[in-house]
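Architecture at a glance
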Amino acid sequence: SKASSTRQTAAQEPTASHPAASSSSAPTPQNECDAQLAQYLLQMEKLQKKFQSQLYSIICDAYDEYMEYPAEKHSLGLKVSIVVSKGGKLTSMQSACDKEFNALLSEMRTCLRENGRDQSLADNAQKAYESAKASMVKELKNVVYNTAVGNGSGGSWIQSHRNMA
């Protein structure tokens with residue numbers, strides 16, 4: 001696809017020039033647009049990784065707080081209470097991520113519009129972002145609310161994601 005080939009170009013070429021352009025010719029506006037779009041996609045990927053890491057860090061902190069309680073106090077109510085106590089931090093983090101993503105998306109849409117291109121690349125980036133966010137929220141709610149207390153599955157999930165924080 002054009003997006004993946006553009007992304008590869010950005011990874012292989014640190015300059016704004018297009019691989020097809022000779023070193024003596026100046027980059028065309030379309031080539032510069034391709035390079036800029038690749039950079040937006042790369043920045044979006046980095047943004048997702050950055051906030052995912054921060055999210056996992058908060059979740060690991062919540063798990064550690066839960067594990068500080070004696071085993072006889074472990075319950076779904078305690079888990080929910082601890083997660084709710086992290087709600088403000090989680091909401092703030094999500095708002096910051098949304099704000100950064102929407103700024104990148106707006107710049108991407110402007111680049112596309114100014115170069116006479118359709119908005120499908122930006123539309124797809126937005127859909128992917130919303131889908132990834134919804135998937136992560138669902139996964140985290142499952143860990144908190146649907147894993148049985150004491151069977152270790154929630155703890156196993158935390159341990160497998162701790163190195164991502």
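You'll find the structure just up there.
In this text, all values refer to a predicted model and were calculated from it rather than measured experimentally.

Our next topic: the overall build of the protein. Of regular secondary structure, the protein possesses 6 helices and 0 strands. In sequence order, the protein lays out its α and β elements as α-α-α-α-α-α. Counting the 165 residues in the protein, one finds 31% classified as buried. The contacts in the protein between residues at least 6 apart in sequence include a share of 70% that link residues at least 24 apart. For the protein, the exposed surface amounts to about 9,900 Å²; the carbon and sulfur share of it is 53%.

On to the packing of aromatic side chains. What the rule picks out here adds up to 1 aromatic pair. The interplanar angle of 5 degrees and the centroid separation of 3.9 Å between the aromatic rings of phenylalanine 101 and tyrosine 129 together place this pair among those described as stacked. Of the two residues, phenylalanine 101 is situated in helix α4 (residues 87-114) and tyrosine 129 in helix α5 (residues 120-146); the sequence distance between them amounts to 28 residues. Tyrosine 129 shares its class with phenylalanine 101; the two are buried.

The next thing to look at is the nonpolar core. Leu37, Met44, Leu55 and Met108 are the most contacted members of the largest nonpolar core, which has 26 residues in total. Sorting the residues of this core by element identifies α2 (29-68), α4 and α5 as the ones contributing at least two each. Those residues within four positions of methionine 44 in sequence are excluded, and the remaining contacts are Phe101, Leu104, Leu105, Met108 and Ala125.

Thresholds, definitions, all that
- Residues numbered from 1 in each chain as written.
- Predicted model: local features only at pLDDT ≥ 70, side-chain atom pairs only at ≥ 80, totals over all residues.
- Heavy atoms only, no water.
- Helix = DSSP H or I, 4+ residues; strand = E, 2+ residues; numbered from the N terminus.
- Buried < 20%, exposed > 50% of the residue type's maximum accessible area, 1.4 Å probe, protein only.
- Contact = heavy atoms within 4.5 Å.
- Areas by Shrake-Rupley, 256 points an atom, 1.4 Å probe, with all protein chains shown as cover.
- Phe/Tyr/Trp six-rings, centres within 6.5 Å; stacked < 30°, edge-to-face > 60°.
- Core = buried A, V, L, I, M, F, W, Y, C linked by side-chain atoms within 4.5 Å.

Such coordinate-based values are descriptive only and should not be taken to indicate function.
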